[in-house]
Amino acid sequence: SAVISQKPSRDICQRGTSLTIQCQVDSQVTMMFWYRQQPGQSLTLIATANQGSEATYESGFVIDKFPISRPNLTFSTLTVSNMSPEDSSIYLCSVIGQGGQPQHFGDGTRLSIL
Amino acid sequence: DQQVKQNSPSLSVQEGRISILNCDYTNSMFDYFLWYKKYPAEGPTFLISISSIKDKNEDGRFTVFLNKSAKHLSLHIVPSQPGDSAVYFCAATDNAGGTSYGKLTFGQGTILTVHP
């Protein structure tokens, strides 16, 4: 399965600032996704990162708040903009490889906003 | 609307015994189901999956059962080992419009503790 590296692994940020999370995969992958896990909650899909086009966002998530880039088949970024304490979560990227399911996840970015 | 539910927040089992983790879903369009295991400070790790055309899938100590009429699936771990202690998530998806099962809907997770 693909090896996924996420950076940073954790961060503590000030309210009103923005943070960009990187997801690097060691092989070309068909699909990349960004999820959020709020404290004590399940994982929720934020968006699908499409290579060469705009991301597809799920209900409740908007591009202005969570801009996503996917410049090639091995890399994506998620920016959490104008952060508030409610954005404190674990953010995870996942991929589906060339062979199809299942999705594999990175170790996540633990984000705390003060 | 919680489309995938794991009603047991936690489960405690003795080493060597069977662990049974349960999951219910409401969306009849779901046709592919997965179980993930998650250790602290790590991402979810894929364990086992099942397609809706099957009612059982086995991989070593792990077996997943699917009851479509009841919209229920379960994960059996036998024999349970202390290293199995983790949070277990079930997830479901559908091949909506041929999107290659992209969107996973997760349950809330069950914390499994296996005592030596």
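Residues numbered from 1 in each chain as written. Chains lettered and ligands numbered in written order. Predicted model: local features only at pLDDT ≥ 70, side-chain atom pairs only at ≥ 80, totals over all residues. Heavy atoms only, no water.

Draft legend 1. Expanded view of the overall build of chain A. When its secondary structure is counted, chain A shows 0 helices and 11 strands. Computed over its C-alpha atoms, the radius of gyration of chain A comes to 13 Å, within 12% of the 13 Å expected for a compact globule of 114 residues. The 114 residues of chain A split such that 53% are buried. Within chain A, counting contacts between residues at least 6 apart in sequence, those at least 24 apart form 54% of the total. When the accessible area of chain A is evaluated, it comes to approximately 5300 Å², of which 47% is carbon and sulfur surface. Positive and negative side-chain charges of chain A, numbering 7 and 8 respectively, have mean locations separated by a distance of 6 Å. (Helix = DSSP H or I, 4+ residues; strand = E, 2+ residues; numbered from the N terminus. Rg over C-alpha atoms; globule rule 2.2 N^0.38 Å. Buried < 20%, exposed > 50% of the residue type's maximum accessible area, 1.4 Å probe, protein only. Contact = heavy atoms within 4.5 Å. Areas by Shrake-Rupley, 256 points an atom, 1.4 Å probe, with all protein chains shown as cover. Lys, Arg positive; Asp, Glu negative; His and termini not counted. Charge placed at Lys NZ, Arg CZ, Asp CG, Glu CD.)

Draft legend 2. Geometry of the sheet that holds strand S8 (residues 75-80) of chain A. Residue and element names in this part refer to chain A. Overall, antiparallel pairing links the 4 strands, which are arranged S1-S3-S8-S7 in an open sheet. Edge strands, defined here as strands with exactly one partner in the open sheet, are strand S1 (4-7) and strand S7 (68-72). Strand-to-strand twist of the sheet, defined as the mean angle between neighbouring strand axes without regard to direction, takes the value 15°. For S1 and strand S3 (residues 19-25), the ladder comprises 4 bridges, and the chain directions are antiparallel. Note on S3: the bridge partner recorded for isoleucine 4 is valine 25. (Pairing = 2+ DSSP bridges. Axes fitted to C-alpha atoms, helices over the stretch in contact; angles between N-to-C directions.)

Draft legend 3. Structural detail: the interface of chain B and chain A. Between chain B and chain A, the contact holds 21 residues from the first and 18 residues from the second. Between chain B and chain A, roughly 1500 Å² of surface is buried when both sides are summed, and carbon and sulfur atoms account for 60% of that area. Connecting chain B to chain A are 1 salt bridge. Of the charged contacts in the structure, one is a salt bridge between lysine 103 of chain B and glutamate 58 of chain A, with a shortest N-O distance of 2.9 Å. The tally of links from chain B across to chain A stands at 6 residue pairs in polar contact (both at pLDDT 80 or more). Of all elements in the fold, only strand S4 (32-38) and strand S9 (86-93) of chain B reach the threshold of two or more residues within the side of chain B that touches chain A. (Buried area = accessible area lost by both parts, 1.4 Å probe. Salt bridge = Lys/Arg side-chain N within 4 Å of Asp/Glu carboxyl O. Polar contact = N/O pair within 3.5 Å; in protein donor to acceptor, adjacent residues only side chain to side chain.)

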